[in-house]
Amino acid sequence: TPPAIIAPSILSADFAALGAACSDTIDNGADWLHVDIMDGHFVPNITFGAPVVTKIRPHVQRPNAARGKGTFDCHMMIAEPKKWVKEFQTAGCDLYCFHYEAAITSTAAENPEDHTETKTSPKEMIRYIHESGMLAGIAIKPETSVDVLWEILESPKKEEVPDMVLVMTVHPGFGGQKFMTSELPKVKALREKYPDLNIEVDGGLGEGTIDQAADAGANVIVAGSAVFGAKDPAGVIRVLRESVEK
Ligand code: DX5
Ligand code: ZN
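Cut-offs applied
For every chain, the first residue of its written sequence is number 1, and the numbers climb from 1 along that sequence. Chains and ligands are labelled by the order in which they are written, letters from A for the one and numbers from 1 for the other. The predicted nature of this model means local features are confined to residues of pLDDT at least 70 and side-chain atom pairs, given and counted, to a pLDDT of 80 or more, with totals for whole chains, interfaces and linings taken over all residues. In computing side-chain properties, one takes all heavy atoms of the structure into account and sets aside hydrogens as well as water. UniProt positions are given in the numbering used here, feature names are shortened, and annotations may be inferred rather than shown by experiment. Each Phe, Tyr or Trp ring, with Trp reduced to its six-membered ring, pairs with another whose centre is within 6.5 Å; inter-plane angles below 30 degrees give stacked pairs, above 60 give edge-to-face pairs, and intermediate values give tilted ones. Relative accessible area decides the class of each residue, using a 1.4 Å probe on protein chains only: under 20% of the type maximum gives buried, over 50% gives exposed, and in between gives partly exposed. The helix count covers DSSP runs of H or I at least four residues long, the strand count covers runs of E at least two residues long, and both are numbered beginning at the N terminus. Placement of a positive charge over a ring is assigned whenever Lys NZ or Arg CZ falls within 6 Å of the ring centre and within 35 degrees of the normal to the ring plane. Pairing between two strands requires that DSSP report at least two bridges joining them. With axes taken as lines fitted to C-alpha atoms, and helix axes fitted only over the stretch in contact, angles between N-to-C directions fall between 0 and 180 degrees. Working rule for contacts: check all heavy atoms of both residues, and any pair within 4.5 Å makes them a contact. Among buried residues, the Ala, Val, Leu, Ile, Met, Phe, Trp, Tyr and Cys ones that are joined through side-chain atoms within 4.5 Å form a nonpolar core. Listed donors are limited to N, O and S atoms within 2.8 Å of the metal, widened to 3.2 Å for Na, K and Ca; water is not among them, so incomplete-looking sites are possible. Key to geometry: four donors with every angle between 85 and 135 degrees are tetrahedral; four donors are square planar and six octahedral where opposite donors lie over 155 degrees apart and all remaining angles lie between 65 and 115; all other sites are irregular.

The name that an unreviewed UniProt entry assigns to the chain is Ribulose-phosphate 3-epimerase, with the source organism given as Imshaugia aleurites. Entered under Pathway (unreviewed entry) in the UniProt record, the comment concerning the chain runs "Carbohydrate degradation; pentose phosphate pathway; D-xylulose 5-phosphate from D-ribulose 5-phosphate (non-oxidative stage): step 1/1."

Visitor: A description of the packing of aromatic side chains should follow, citing residues and the corresponding values.
Guide: For the structure shown, the criterion picks out three aromatic pairs. Judged by centre distance (6.3 Å) and plane angle (70°), the ring pair of Phe88 and Tyr96 falls under edge-to-face. Both residues of the pair, Phe88 and Tyr96, count as buried. Relative to Tyr194, the ring of Trp150 has its centre 6.4 Å away and its plane inclined at 25°; by these criteria the two rings are stacked. Residue Trp150 is found in helix α5 (residues 150-153), and its partner Tyr194 is found in the loop between α6 (184-193) and β9 (198-202); the two are separated by 44 residues along the sequence. Take Trp150 and Tyr194: they sit in the same class, and that class is buried. The ring centre of Phe42 lies 4.7 Å from the NZ or CZ of Lys141, which sits over that ring. Lying across the ring of Trp150, Lys193 places its NZ or CZ 4.4 Å from the centre.

Visitor: Now, about the sheet that holds strand β7 (residues 135-140): what can you tell me, with residues and values included?
Guide: With parallel pairing, the eight strands of this open sheet are ordered in space as β1-β10-β9-β8-β7-β4-β3-β2. Looking at which strands have only one partner, the edges of the open sheet turn out to be β1 (5-8) and β2 (32-38). Sheet twist, expressed as the mean angle between neighbouring strand axes with direction ignored, is 20°. Strand direction decides the pairing type here: β1 and strand β10 (residues 220-223), joined by four bridges, are parallel. The partner of Ala7 across the bridge, within β10, is Val222. Along the sheet, helix α9 (residues 233-245) contacts β1 and β10; its crossing angle with β1, the most-contacted strand, is approximately 145°.

Visitor: Can you explain the nonpolar core? Please cite residues and give values.
Guide: If you look at soluble globular proteins, the nonpolar side chains tend to sit buried side by side. Of all hydrophobic cores here, the largest spans 63 residues; its most connected members are Ile10, Phe88, Tyr96, Leu149, Leu190 and Ile221. Those residues in contact with Phe88 that lie beyond four places of it in its chain are Ile37, Gly49, Ala50, Val53, Cys74, Met76, Cys93 and Tyr96. Counting 12 residues, the second largest nonpolar core, distinct from the first, contains Ile5, Ala139, Met164 and Val222.

Visitor: Give me the lowdown on the coordination of the zinc ion (ligand 2), citing residues and values where you can.
Guide: Only His34 (NE2), Asp36 (OD), His75 (ND1) and Asp202 (OD) from the protein coordinate the zinc ion (ligand 2), and they sit 2.1 to 2.2 Å from it. Around the zinc ion (ligand 2), the six donor atoms sit at angles spanning 71 to 173°, and that spread fits a shape best called octahedral. All donors of the zinc ion (ligand 2) come from a single chain, and their spacing in sequence reads H-x1-D-x38-H-x126-D. Here the residue Asp36 occupies a position in strand β2, and Asp202 occupies one in strand β9, the gap between them amounting to 166 residues. With relative accessibility at 8%, the residue Asp202 sits in the buried group.

Written out as structure tokens, the structure reads:
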């Protein structure tokens, strides 16, 4: 299993003091920051966009170390993931994680006048993200079978293979939901086939659920309310890491 990567979700941070929340979280031992982008279409909630990412980016050093400390892991819960790749790269996103279910894009990315919808295959999306200079992640919702991922992970073209798979362990849209153990077999199946793959879990992770996720094989751990709601966020980050590394 690859190294543990702890990625607190700033969705549960104080939005009025987001820059300080980001730098404090890194100082508290986090590896990455998980940045939840929601558009009110793909999910029934709205968060923030690239201008906010641009403003918080200078509060955290760009990644350079082994675990990519300081990586901005942008979880794109948006209906048109292709349209925003360049803008988020410019804003300072390091890993652009799109949803498999949303790999549909309007040709508006190329021509703002044209609103016809065309499918962009996940592999095209991954290639496009790589060409834009970011790591690429692909996320699946609880409704989506893990089986859709095999063909993508088996692509003979390296530039079409994702750097990370995100298995959602809640229905995306809100922080503070209950962890869905029903999603763990997906993690297990991925880990059995891919010992070196970065497998991220997101939703309901905390001290009470981390062991199950770690046992299934997850190594990239998102936690929002568990970290930002804690009296001792550094302690929670430590527990999450120890559980993955044990
Ligand atoms: C939910 C988001 C999560 C969320 C997790 O749609 O993708 O990243 O912040 O929050 P917790 O850890 O509180 O479940
Ligand atoms: Zn997320």
